[in-house]
Amino acid sequence: MLKIEDLRVNYGYIQAIDGISFEVPEGKIVTLLGNNGAGKSTTLMSISGLVEKAGGTITFDGQNITRMRPEKIVHLGIAHVPEGRRIFPSLTVYENLVTGTLGNKKLTKKRQQELLEEQLVLFPRLRERLKQVGGSLSGGEQQMLAIARGLMMDPKMIMLDEPSLGLAPIVVEEIFDLIVRIREMGKTVLLIEQNASMALAIADYGYVLVNGVIHIEGSSKELLANDEVKKAYLGA
Amino acid sequence: MSKIKAFVGKHRSLMLTAALVFAIVFPLFGFKKSMVRIFCRILMYFTLAGSLNITNGYSGQTSLGHAGFYCIGAYVMAILTTRFQISFWPVLLLSGIGAAVAGLIISVPTLRLKGIYLSIITLGASEVIRIIALNWEGVTGGSFGIKDIPRPTFFGFTFDSPLKFYYLFLGVAVIFLLISYRLIHSRVGRSWMSIRENELAAKSLGVRTAPAKMMNFAYGAFWAGIIGGIYAVYVQYIDSAVFSLDEGFNIMSMIIIGGQGTLIGPIVGSIVVNGLTELLRPIGVWRFVMYAALIIVMMWFRPQGLMGESNSILAGAKIKMRKAGKTGGKKEAIS
């Protein structure tokens, strides 16, 4: 579904991404692992068109999206849930969710209603908080809101940037269960994580990014069994 | 207290209609002309502050240059009606469009600027506009200004008294409110607010932030231009000194006191600031010290402004407005 070939991104003189290639097959959860500064978030931002690319090609559903503008990419069906949640703190939960539909102009009023109902079924806690402003939610609820807001544009693929960031382990588990349910709904998921053991527990396939290059790749089982991964990321 | 709040929240359109009827009827009870002039000022500044609130309050682009757009509107009106004898109504539209174009011109190079940097540029732009008005003598009359600006007429009816102008200002204020209300609750308004809240998130959701910001600036400037145009025919004489930075800050103090990002805030801000101006007239220039003190006290106790998100009585109306979708029931309405 998503294919990345020889992607390169520079920040000034620094090469943040140095020629990586990977694929995200339809209906799977693929995870991109790596430490701080490995280039994970930059990879996501270059897919969604938020940063300039120095080279390489990105293809989605057979279309070259390398030089597309962010709103076009959203329109094609890629939702990006940015790192640090970035919900709209002084808008209500309801308004946050509705704002999620702005990028997809194909949505009819009726479809928007259905999508809203879908999110509220998936995230029942948001239904209780519909009238509250986003800033008053707990960290976990804010993360749920950020994911739900991304799903409101009815994407084919959703990219999650560190959904476990700063959350209590029990909340992280809840969120990861939800990610599995999102895949069951037929969406493709590209998940970025530092929490490798949690990510590999739900992912189908994984890539390990080190200093802007892909260091190891394989199915989740292979990665979980890999000695190097164990030592560096699983703390075994 | 909470009962009153719930009542205001529940019967919002009723309350608004009542307020409008009150605004239409009460000046007829034989106020002195000087008093009616104060009412005119309040309504005029309401639209002016409201239009600044569109940029500062809804898209979070802190502009300090509103006096500049106001200035352009006034000069467009003054020049076209005195030199070319064009009638008031088409020129009024041109006043708005002129200011909107200036807004666009300023917004394009500043798209990437945020916060204080944007504020400084808009502040500079406002001064540039005023200084051009002061020095381009051939067109603007320089420091002599433009006098004898003709009164507007409407099918043989001439606006020649403060009371008649009161209704003109009221009409413009109502039109401004209605259009802005619709706009803010549309896709456009939602994209403005998403930019204010978090620009990167807005982009990642596919909001086209550049055109949204440009349109926001132009729309706010348009209404400042309209008010400038009416101001010119109301006082019949303009010169550049009126459109100083002080005026810009005066307008801004109204939205800070009233509450940014609410439609009702500028009304309250305009009433409070203009009311204080009259009350404090006896103490002369010391009243500016009072404004400063008031703004500091506001920042301390109510940084969101009198009408901001709060538990005050009038905020009851706001909560209803923000809710839009009803919980409890099965359907969540998308507005």
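See the structure above.
Residues numbered from 1 in each chain as written. Chains lettered and ligands numbered in written order. Predicted model: local features only at pLDDT ≥ 70, side-chain atom pairs only at ≥ 80, totals over all residues. Heavy atoms only, no water.

**Some points on the packing of helix α3 (residues 33-58) of chain B against helix α13 (residues 265-279) of chain B**
Residue and element names in this part refer to chain B. As a reminder of what qualifies: To obtain each axis, a line is fitted to C-alpha atoms, and for helices this fit is confined to the stretch in contact; angles are then taken between N-to-C directions over 0 to 180 degrees. Note on conventions: DSSP H or I runs of at least 4 residues are helices, E runs of at least 2 residues are strands, and numbering of each starts at the N terminus. An angle below 35 degrees is read as roughly parallel, one above 145 as roughly antiparallel, one from 65 to 115 as roughly perpendicular, and any other as oblique. A crossing counts as left-handed when the near helix is turned anticlockwise from the far one by less than a right angle, and as right-handed when that turn is clockwise. By definition, residues are in contact when any of their heavy atoms lie within 4.5 Å. Under the convention adopted here, Pro, Cys and the residues Ala, Val, Leu, Ile, Met, Phe, Trp and Tyr are nonpolar, Asp, Glu, Lys and Arg are charged, and Gly plus all remaining residues are polar.
At a closest axis distance of 8 Å, the pairing of α3 and α13 adopts a crossing angle of 135°. Between α3 and α13, the angle is such that the two are oblique. Crossing handedness for the pair α3 and α13: right-handed. Residues I38, R41, I42, Y45, F46, A49, G50 and N53 of α3 lie in contact with α13, whose contacting residues are P266, I267, S270, I271, N274 and E278. Here the residues of the contact of α3 with α13 are counted per class, giving 8 nonpolar, 4 polar and 2 charged.

**Quick word on the packing of aromatic side chains**
Where we set the bar: Ring pairs shown here join Phe, Tyr and Trp side chains whose ring centres sit within 6.5 Å, with only the six-membered ring taken for Trp; geometry is labelled stacked below 30 degrees between planes, edge-to-face above 60, and tilted in between. Whether a charge sits over a ring depends on NZ of Lys or CZ of Arg being within 6 Å of the ring centre and within 35 degrees of the ring normal.
Considering all chains together, one arrives at 29 aromatic pairs over all chains under this definition. Arranged with centres 6.1 Å apart and planes meeting at 75°, the rings of F46 of chain B and F176 of chain B form a pair that is edge-to-face. Here F176 of chain B lies in helix α8 (residues 162-184) and F46 of chain B lies in helix α3, a separation of 130 residues in the sequence. Joined through ring pairs, the aromatic side chains of F88, W89, F154, F155, F157, F159, F165, F169 and Y234 of chain B make up one cluster. Over the ring of F88 of chain A we find R149 of chain A, and its NZ or CZ is 4.5 Å from the ring centre. Over the ring of F288 of chain B we find R287 of chain B, and its NZ or CZ is 5.2 Å from the ring centre.

**Things to note about the pairing of strand β8 (residues 188-193) of chain A**
Residues and elements named next belong to chain A. What counts, and what does not: Relative accessibility thresholds used throughout: buried, under 20% of the residue-type maximum; exposed, over 50%; partly exposed, between the two (1.4 Å probe, protein chains only). At least two DSSP bridges between two strands are needed for those strands to be called paired. Seen with its strands pointing away from the viewer, a crossover is right-handed when the path leading from the first strand over the helix to the second is clockwise.
Taking burial as the measure, the 6 residues of β8 include 6 buried ones, the bulk of the element. Burial along β8 is two-sided: the residues T188, L190 and I192 and V189, L191 and E193 are all buried. As defined by bridge partners, strand β3 (residues 29-33) adjoins β8 across 5 bridges and the pair is classed as parallel. Its bridge partner lying in β8, T31 is registered against L191. Direction of pairing for strand β7 (residues 157-161) relative to β8: parallel, over a ladder of 5 bridges. Residue M157 lies in a different strand from β8, and its bridge partner there is T188. Since β7 and β8 lie parallel, the crossover through helix α7 (residues 169-184) that links them has a hand, and here it is right-handed.

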